[in-house]
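Below are the chains, spelled out letter by letter.
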Amino acid sequence: MHVPDGFFDAPTSVATGLIAAGAVGFSLRRANREIRETGPALAGLTAAFVFAVQMVNFPVGAGTSGHLLGGALAAALVGPWTAVLVMSTVLLVQGLLFADGGLTALGTNITLMGLITVLVGYILIRVVLRVLPRRAGSVVPAATLGALVSVPVAALAFTGLYAIGGAVDIPIGKLATAMVGWHILVGIGEAVITAAVLSAVVATRPDLVYAARHLHQDLILVDADGNTSTVSPDRPIAAKPAGRSLGVGIALTLMVAGGLSLFASAHPDGLEFVGAKLGFESAAKGSAVASSPLADYGVSGIGNSQVSGALAGIIGVLVTIVVGLAIAKLASLRAGKAS
């Protein structure tokens, strides 16, 4: 659901840009506690993984495709404030290097995919975890529901923005029905991917999952007279060194971006499909970086499309790791100065 330039008027784009800037600034101040628990490297890897999996469009029917947004997944892995930074990093790299999403629409994309999906996903994770057993495995169904719901909510938010400042006059009711309908299907794919990733991580390294590290089985204490009392520990589970796990994660991420992405569906995504059906796709303008050597996820000058796509994906992963790591360290430095 990368919004291109031209879909919204200037005031709407400026407004979403201010919202995005405020969200990123606030997250830079609040993410330190989350980053301190597991280190900035996990944030960089999460950003790279979301970037890689977003390259893999999956079919959802009737000539339409979708891809992971990743907000709920990132929130479960690294916490909500770090997740906003992670998603913003992904969108920044995609917009500047790969011409994926417009530059004037960057604030809109961060607001929709980097803020709304994260907050909706994480709020639902917290709500569901209140009713499920307090164990690490409960994060999987909680995040799965958060992922499922976050996508159509973001689609509905797009509709609201379009009602305010859309470039082409179209029936908003039809737009809402189409956007939410198709993105419910995309949300199902999002939920499946989120469940699969979290199941694997929780099974092997639950201490690296932010939402799981704060879950504790209640301790039942029995005194000398046989009376029992329940105590809930307050401290999160201590994270263990993650060097080997991060190495495995980087290798898998490179495989997704450089290999699995080559089998992505070529069908238009939900927003493109709806835009073509309702007649506002023509308002899209080419990105200012459309001439980038990595535009459209290919390396210019390489004739073989598969080699070009694989190399572009690998480059994107490496750049996203570096940028994500730098932003996570910046968040730590800002928080340190503030204190």
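If you're wondering where the values come from, they're calculated on a predicted model, not measured in any experiment. The numbers attached to residues start from 1 for each chain and follow its sequence in the written order. The model is predicted, so local features are restricted to residues of pLDDT at least 70 and side-chain atom pairs to those at 80 or more, both for listing and for counting; the totals for chains, interfaces and linings are taken over all residues. Water and hydrogen atoms were dropped before computing side-chain values, which therefore reflect all heavy atoms in the structure.

## Observations regarding the overall build of the protein chain
So, step 1. For the protein chain, the helix and strand inventory stands at twelve helices and four strands.
So, step 2. The C-alpha radius of gyration computed for the protein chain amounts to 21 Å, which stays within 12% of the reference 20 Å derived for 339 residues, consistent with globular compactness.
So, step 3. A burial count over the protein chain gives 52% of its 339 residues as buried.
So, step 4. Any two residues whose heavy atoms approach within 4.5 Å are treated as being in contact. Relative to all contacts within the protein chain whose residues are 6 or more apart in sequence, the contacts with residues 24 or more apart total 79%.
So, step 5. Summed over all atoms, the accessible surface of the protein chain reaches about 14,900 Å², with 66% contributed by carbon and sulfur.
So, step 6. Both charge centroids of the protein chain, one from 19 positive and one from 16 negative side chains, sit 9 Å from each other. Secondary structure elements are taken from DSSP: a helix is a run of H or I of four residues or more, a strand is a run of E of two residues or more, and numbering for both begins at the N terminus. Radius of gyration here is computed from C-alpha atoms only, and the compact-globule reference equals 2.2 Å multiplied by the residue count raised to the power 0.38. Note on exposure labels: buried denotes an accessible area under 20% of the residue type's maximum, exposed denotes more than 50%, and partly exposed covers the range between, all computed with a 1.4 Å probe on protein chains only. Throughout, the Shrake-Rupley method with a 1.4 Å probe supplies accessible areas, and for residues the shown protein chains are the sole cover considered. When charges are counted, neither His nor the chain ends are considered; positive counts come from Lys and Arg and negative counts from Asp and Glu. Throughout, a charge is located at the NZ atom of Lys, the CZ atom of Arg, the CG atom of Asp or the CD atom of Glu.

## Focus on the nonpolar core
When a protein is soluble and globular, its nonpolar side chains tend to lie buried together.
So, step 1. Among the nonpolar cores identified, the biggest contains 62 residues, and Phe 51, Val 139 and Leu 198 are the most heavily contacted of them.
So, step 2. With ten residues, the single largest contributor to this core is helix α3 (residues 40-54).
So, step 3. For Phe 51, the contacting residues outside a window of four places in its chain are Val 90, Val 93, Gln 94, Phe 98, Tyr 297, Gly 313, Gly 316, Val 317 and Thr 320.
So, step 4. Only buried residues count toward a nonpolar core. Its members are Ala, Val, Leu, Ile, Met, Phe, Trp, Tyr and Cys residues joined through side-chain atoms within 4.5 Å. With 33 residues, the next largest nonpolar core counts Ala 20, Ala 105, Ile 170 and Phe 280 among its residues.

## What to know about unusual backbone geometry
So, step 1. Residues other than glycine seldom take positive phi values, yet Ala 62 does so here, at roughly 55 degrees.
So, step 2. Inspection of the secondary structure assignment puts Ala 62 in the loop between β1 (58-61) and β2 (64-66).
So, step 3. For Ala 62, a relative accessible area of 61% translates into the label exposed.
So, step 4. The backbone of Tyr 297 sits at a positive phi, close to 60 degrees, despite the residue not being glycine.
So, step 5. Its location among the elements puts Tyr 297 in the loop between α11 (270-278) and α12 (305-338).

## Focus on the environment of Leu 73
So, step 1. Turning to its location among the elements, Leu 73 is positioned in helix α4 (residues 71-78).
So, step 2. C-alpha separation for the pair Leu 73 and Ile 125, spaced 52 residues apart in sequence, amounts to 10 Å.
So, step 3. Discounting residues that sit within four places of it in the chain, Leu 73 has contacts with Phe 49, Leu 68, Thr 194, Val 197 and Leu 198.

## What to know about the pattern of salt bridges
So, step 1. By salt bridge we mean one thing: a side-chain nitrogen of Lys or Arg within 4 Å of a carboxyl oxygen of Asp or Glu. Enumeration over the complete set of coordinates arrives at two salt bridges.
So, step 2. In this structure, the salt-bridge partner of Glu 37 is Arg 213, at a minimum N-O distance of 2.3 Å. One end of the pair, Glu 37, is in helix α2 (residues 32-38); the other, Arg 213, is in helix α9 (residues 210-213), with 176 residues separating them in the sequence. Assigned by exposure class, Glu 37 and Arg 213 land together as buried.
So, step 3. A salt bridge links Arg 205 to Asp 207, with the nearest nitrogen and oxygen atoms 2.7 Å apart.

## Considerations on the packing of aromatic side chains
Any aromatic ring pair is given by two values, namely how distant the centres are and how the planes are angled relative to each other.
So, step 1. In this analysis, rings of Phe, Tyr and Trp, with Trp reduced to its six-membered ring, are considered paired at centre separations within 6.5 Å, and the interplanar angle assigns stacked below 30 degrees, edge-to-face beyond 60, and tilted for intermediate values. According to the stated counting rule, one finds eleven aromatic pairs in the structure shown.
So, step 2. Ring centres of Tyr 162 and Phe 280 lie 5.1 Å apart, and the angle between their planes is 45 degrees; on these two criteria the pair is classed as tilted. Linking Tyr 162 in helix α7 (residues 139-165) with Phe 280 in the loop between α11 and α12, this pair joins segments that are 118 residues apart in sequence.
So, step 3. The class for Tyr 162 is buried, based on a relative accessible area of 3%.
So, step 4. Taken together, Phe 7, Phe 8, Phe 158, Tyr 162 and Phe 280 form an aromatic cluster joined through their ring pairs.

## Comments concerning the confidence of the model for the protein chain
So, step 1. Here pLDDT means the predictor's own confidence in every residue, given as a number from 0 to 100. Looking at the protein chain, the pLDDT average stands at 91 and 90% of residues meet or exceed 70.
So, step 2. Of all secondary-structure elements in the protein chain, the lowest mean pLDDT belongs to strand β3 (residues 219-222), at 51, while α7 reaches the highest, 98.

## Concerning helix α10 (residues 243-258)
So, step 1. Along its 16 residues, α10 runs 22 Å from first to last C-alpha, staying within 8% of the 22 Å computed at 1.5 Å per residue.
So, step 2. Of all the residues in α10, the buried ones are Leu 246, Gly 249, Thr 253, Val 256, Ala 257 and Gly 258. One less than the number of residues in a helix, times 1.5 Å, gives the span that helix is expected to have.

## Concerning α11
So, step 1. Among all positions of α11, only Gly 270, Leu 271, Phe 273, Val 274 and Gly 275 are buried.
So, step 2. Against β2, α7 and α8 (172-204) lie the buried residues of α11.
So, step 3. Polar contact is defined as a pair of N or O atoms within 3.5 Å, subject to the rule that within protein one atom must be able to donate a hydrogen and the other to accept it, and that residues adjacent in sequence are counted only when both atoms are side-chain atoms. N-cap assignment for α11: the residue whose side-chain oxygen lies 3.2 Å from the backbone N of Leu 271 is Asp 269.
So, step 4. Phi for Gly 279, located one or two positions after α11, is positive at around 90 degrees.

## Looking at the side chain of Gln 54
So, step 1. Mapped onto the fold, Gln 54 is located in helix α3.
So, step 2. When residues no more than four places from it in sequence are discounted, the contact partners of Gln 54 are His 2, His 67, Leu 68, Leu 69, Met 87, Val 90 and Gln 94.

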